[in-house]
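As a plain string of letters, each chain reads:
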Amino acid sequence: MKKHNFSAGPCILPQEVLKKASEAVLNFNNLDLSLIEISHRSADFVEVMEHAKDLVLELLDLKGKGYSALFLQGGASLEFLMVPYNLLPEGGKASYINTGTWSSKAIKEAGLLGEVEVIASSKDRNFNYIPKDYSIPADSTYVHCTSNNTIFGTQMKEFPKTDKLLVCDMSSDIFSRKLDFSQFDLIYAGAQKNMGPAGTTLVVVKDEILGKTGRKIPSMLDYQVHISKDSMFNTPAVFPVYVSMLTLEWLKGLGGIEGIEKLNEEKAALLYNEIDNNPLFEGVADKEDRSNMNVTFVLTDESKKEQFNSMWKEAGISGINGHRSVGGYRASIYNAMPIESVAVLVDVMKAL
C-alpha cells in the first residue's frame, strides 16, 4: 500500500528524484563508480555543484544580481551563529522577530556575539500568529526573521520593510511560493524540509554585504571563504547536494516557483477547508497567518483520538502527529506532496 508521508522533516521528495538518486549511488554518470565514492574535486561532481548553485539563483530570480549561492553543512542551526559572525560588527546590534522555536534558537546564538533586540514576538500565544506591529531600531545592523514556522504552522505573508540588512531563515518553505527574493540580503535553509536529504544547507547571500564587521571570523564560519572556494573549502555533502540539484531540476520542469505555488495553494486550501468545515477539527494557527507548508490542527473531541489515529494509520498515512509543543496533528505538505495524498487525509477526516 502506498504511504502518504506528511513528515515535517526530513521530508517527502519527488519519486523521480529518489529514483535518479538511487541509480547514481550505484553508477554515477556511467562511470561504473558510485556518486558517494568519487572525488568531490572530480569534473563530474564539480559540474553537479555548479549546476545546483546556478539553479538556485535562476529559480529565485537572483542570477546576475550580485548574489552567491552556497551549499554548506551544519544545518540552519549553524547559520544561527554564522549570520552574526559575518554581519554583526563588534559592539553592534541586531533585531530579531521571534515566531517560534527556531527563531528563539537563532536569538540565543546571536546573543553570544553582540546585542540582540527582540522587536516582536508571538510567544504570548504559543506562537500561533505572526506579530505585525513593531518598529526597527535605527542602530540595528540587520533584521532577522523566519519565514515559516514548522512546529506551529504559521507563515509570514509580508516581510519587514527596512533599510537595514534583511536576513531570513527559509528552511521550511524555500522554493514554495513567489516572493521578491531580492528584498533579502541573506537567505538560509536546511535542505531537509523542501529540497533534499539532511546534510547540506543552502545559503544565498548578497556579496557586497560581507567583510564589513571588523571581526576575525574562523575560516569554517566565514562566508567569503566558502564563496572563494566554491562551496568546497571542506569536503561538501556530496549526496545531499546532488539530490538537491535533482529536486531543483524537477521544480524547474514544473514551471519553477510559480508553477509549484499554484499546486501548494490547492493542497493547502483542500485541507484547511476540511478543518474549517468539520466540527470535529480546529486549526491551531490564526487564519491570516496559516502556513501552506505545515498545517496544524487539533480534535475538538478528544474521545475521538484513538479512533482517528487508527483510521489514518489504516489509510497509509504517516508522520502527522503534532509536535509536543503544540499537540494534536501536523500535516506537512511540502512541494513534493501530491494532492492525492492530501485528499486521502481529508477523506479520513470526513469519515470520522
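Quick caveat, the model's predicted, so the values are computed rather than measured. (Residues numbered from 1 in each chain as written. Predicted model: local features only at pLDDT ≥ 70, side-chain atom pairs only at ≥ 80, totals over all residues. Heavy atoms only, no water.)

A. Representation of the overall build of the chain in the model. Of the regular secondary structure elements, the chain holds 9 helices and 14 strands. Taken over C-alpha atoms, the radius of gyration comes to 21 Å for the chain, in line with the 20 Å a tight globule of 352 residues would show. Expressed along its principal axes, the backbone C-alpha trace of the chain runs to roughly 60 × 55 × 30 Å. Burial status across the chain gives 55% buried among its 352 residues. At a minimum sequence separation of 6, the contacts of the chain that also span at least 24 residues come to 66%. Of the roughly 14900 Å² that the chain leaves accessible, carbon and sulfur atoms contribute 49%. Charge-centre separation for the chain: the mean point of 36 positive side chains lies 3 Å from the mean point of 45 negative side chains. (Helix = DSSP H or I, 4+ residues; strand = E, 2+ residues; numbered from the N terminus. Rg over C-alpha atoms; globule rule 2.2 N^0.38 Å. Buried < 20%, exposed > 50% of the residue type's maximum accessible area, 1.4 Å probe, protein only. Contact = heavy atoms within 4.5 Å. Areas by Shrake-Rupley, 256 points an atom, 1.4 Å probe, with all protein chains shown as cover. Lys, Arg positive; Asp, Glu negative; His and termini not counted. Charge placed at Lys NZ, Arg CZ, Asp CG, Glu CD.)

B. Spatial organisation of the nonpolar core. Counting residues in hydrophobic clusters, the biggest one holds 79 residues, and the most contacted among them are Phe-175 and Phe-308. Tallying contributions element by element places helix 6 (residues 238-253) first for this core, with 9 residues. Beyond its immediate sequence surroundings of up to four residues, Phe-308 is in contact with Phe-281, Phe-297, Leu-299, Tyr-329, Val-348, Met-349 and Leu-352. The next biggest cluster of nonpolar side chains, apart from the first, holds 28 residues, and it includes Leu-72, Leu-186, Tyr-188 and Ile-209. (Core = buried A, V, L, I, M, F, W, Y, C linked by side-chain atoms within 4.5 Å.)

C. Main features of the packing of aromatic side chains. In this structure the tally under the stated criterion is 9 aromatic pairs. Look at Phe-281 and Phe-308: their rings are 5.1 Å apart centre to centre, the planes differ by 65 degrees, and that puts the pair in the edge-to-face class. Remark: Phe-308 occurs in helix 8 (residues 305-314) and Phe-281 occurs in strand 11 (residues 281-283); sequence separation between them is 27 residues. Summarising the burial analysis for this pair, Phe-281 and Phe-308 share the class buried. Each residue in the set Phe-281, Phe-297, Phe-308 and Tyr-329 is aromatic and connected to the rest through ring pairs, giving one cluster. Its guanidinium or amino end placed over the ring of Trp-312, Lys-313 lies 5.6 Å from that ring's centre, counting from NZ or CZ. (Phe/Tyr/Trp six-rings, centres within 6.5 Å; stacked < 30°, edge-to-face > 60°. Lys NZ or Arg CZ within 6 Å of the ring centre and 35° of its normal.)

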